[in-house]
Amino acid sequence: MKLRLLFITLALSSLFGGGEVHAQKTQALTNEAIENYLFDQQYHAYQVGRLNHENGVGKRWYYRFSLMHITDVHANYELIRQAFRSNKGHFDVICNTGDDANGCEVKDAPAIITTLDSISSIIKTSNIHRTPYINLKGNHDVTGITNADYFDRMCTTMQDFHPTVWGNAEEKRAYGYMDVKSNELMGSFRLIFLDPFDYNDGEFGNTYPFMSAVFSQKQIDWFIDAMVDATDKGLNVITLMHYSFGDSPIFSEENACPDATYYQDAFMIPDIIDAIQNKTSMETEYKDKAGKHHIRIKRDFSKVKDLKYVCHLFGHIHSKNAYQCHKSDGSKKYNMLMLGEMSLSSNGTAVNMVYKDQNSPVYSAFSTLCIDTIEKKIYRVSFGPYLRHDKSNSLSDRTMVFDYDLSQK
């Protein structure tokens, strides 16, 4: 440990100008500065990989597709600013999976709108590198506001930085996709973001409960078409939504229940992805518990091209997760990697076992994903507090590697 601290001290002394650490310079080495330094080094190592003879490409350096994942800031503006300060122009895309605001009841609508306006302004001024940016609805963002309230703020902000294809822009519904090209070796990516609050203005709080997931027939038809189009174009696909999919009896760092009431089946989206992956047919009706948004799917995927599905990104449960989407009764395992992100904002509670000093302003959390489409792996580097709940260090949790092709598992 002493050698590690010596290395960090020497490296940081060089970083801040000078081979010797003087007292006044040591004072500048804040927790945030050390976090940023270690984060940058590990991120660079994962962003830049090396192919070897084992995968038949030969030894040379290359860049992986690089994505920043933030979520559940709950009106913590500093988390947004800190994430963009860490950007430095080398990310292919930045994804925010929702709960920018902290609303819980219809009466919170004015505060939600104020928060969304503030975050929109921060993004416009902080994204100086004009990195493609995606922002999703969370359940704390929608209570009491209209579809247009959200779309006119966050969705138009996204369009400022990269072309976005909307599924239903005329009704200002917040689902769509971005096509982002990394490099010739890694290929291009389609990031499909879904809106699980796809009901008409006024239904929320009356027909549907606070934590709900409701899809329209129009959105599901559009989603299927967007997925099939991605196979035709050979794009790597990432899906994003505030909520997770799957079914796990364990609620921990590694696994999580969806933690939302799905008014259609919680496995509807995984079933669609599974059918496209396996080139099978679907003729299914997913009934809406409230009786208003029954989903009917009748599609034959036997002639589609191969789907290059990578993972599903989500937030909501304030916990870093990586698990295979599956049914807890063992009846089905999906080739679908689920990757969650946690919040440690001033108004958020981390449900995984991470210690947070409530009085510290720098304990924000986000991760970067470096995606290797040749190795079929995702390299995750996490920023933020990594003292465990017992205050022991957990640096190993900062860097993790996941296989995203789960077809053999």
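The preceding data block contains the structure.
Owing to the predicted nature of the structure, the values given are computational and were not obtained by experimental measurement.

Undergrad: Would you mind showing me how to read helix α5 (residues 109-126) here?
TA: Since the α-helix turns once every 3.6 residues, residues separated by three or four places project in the same direction. For α5, spanning 18 residues, the distance from its first C-alpha to its last is 25 Å, which sits close to the expected 26 Å at 1.5 Å a residue. Here α5 has its buried residues at A109, I112, T115, L116, I119, S120, I122 and I123. Each buried residue of α5 lies within a common arc of 160 degrees when the element is viewed along its axis, so the set occupies one face. Facing away from the buried side of α5 by more than 90 degrees, the exposed set consists of P110 and T125. In this fold, the buried residues of α5 make contact with α4 (77-85), β5 (133-135) and α6 (147-159).

Undergrad: It is not clear to me how the side chain of D274 should be interpreted in this structure. Could you clarify?
TA: With respect to the secondary-structure elements, D274 resides in helix α8 (residues 268-278). Judged by its relative accessible area of 14%, D274 is buried. Only 3.1 Å separates the side chain of D274 from the side chain of K332, close enough to count as a polar contact. Each residue touching D274, except ones within four places of it in the same chain, is listed here: K332 and Y334.

Undergrad: Any chance you could explain the nonpolar core here in plain terms?
TA: Soluble, globular proteins show a tendency: their nonpolar side chains are buried together. Membership of the largest hydrophobic core comes to 58 residues, with the highest contact counts inside it found for L67, I134, L191, I238, I371 and I378. With six residues, α5 is the single largest residue contributor to this core. Residues in contact with I371, not counting those within four places in the same chain, are R64, F65, M186, F189, I238, V310, K377, I378 and Y404. Y175, V237, Y262 and Y323 belong to the second-largest nonpolar core, a separate cluster that totals 51 residues.

Undergrad: Even after reading the chapter, I still don't get the packing of aromatic side chains, so can you show me in this structure?
TA: Remark: the centre distance and the inter-plane angle together describe each pair of aromatic rings, the angle taken between the planes. Applying the stated criterion to the full structure yields twelve aromatic pairs. Relative to F193, the ring of W166 has its centre 5.6 Å away and its plane inclined at 75 degrees; by these criteria the two rings are edge-to-face. Of this pair, W166 sits in strand β6 (residues 165-166) while F193 sits in strand β8 (residues 187-193), and the two are 27 residues apart along the sequence. Where F267 meets Y334, the ring centres are 5.9 Å apart and the plane angle is 15 degrees; that geometry is what we call stacked.

Undergrad: Sorry if this is basic, but what is going on with unusual backbone geometry here?
TA: Most peptide bonds are trans, and most residues other than glycine sit at a negative phi. Unusually for a residue other than glycine, H316 sits at a positive phi of about 75 degrees. Position of H316 among the secondary structure elements: in the loop between β14 (308-314) and β15 (322-326). Backbone geometry places K376, a non-glycine residue, at a positive phi of 60 degrees. Summarising the element assignment, K376 is placed in the loop between β17 (366-372) and β18 (377-383).

Conventions we followed
Residues numbered from 1 in each chain as written. Predicted model: local features only at pLDDT ≥ 70, side-chain atom pairs only at ≥ 80, totals over all residues. Heavy atoms only, no water. Helix = DSSP H or I, 4+ residues; strand = E, 2+ residues; numbered from the N terminus. Expected span 1.5 Å × (residues − 1). Buried < 20%, exposed > 50% of the residue type's maximum accessible area, 1.4 Å probe, protein only. Arc of directions from axis to C-beta. Contact = heavy atoms within 4.5 Å. Polar contact = N/O pair within 3.5 Å; in protein donor to acceptor, adjacent residues only side chain to side chain. Core = buried A, V, L, I, M, F, W, Y, C linked by side-chain atoms within 4.5 Å. Phe/Tyr/Trp six-rings, centres within 6.5 Å; stacked < 30°, edge-to-face > 60°.

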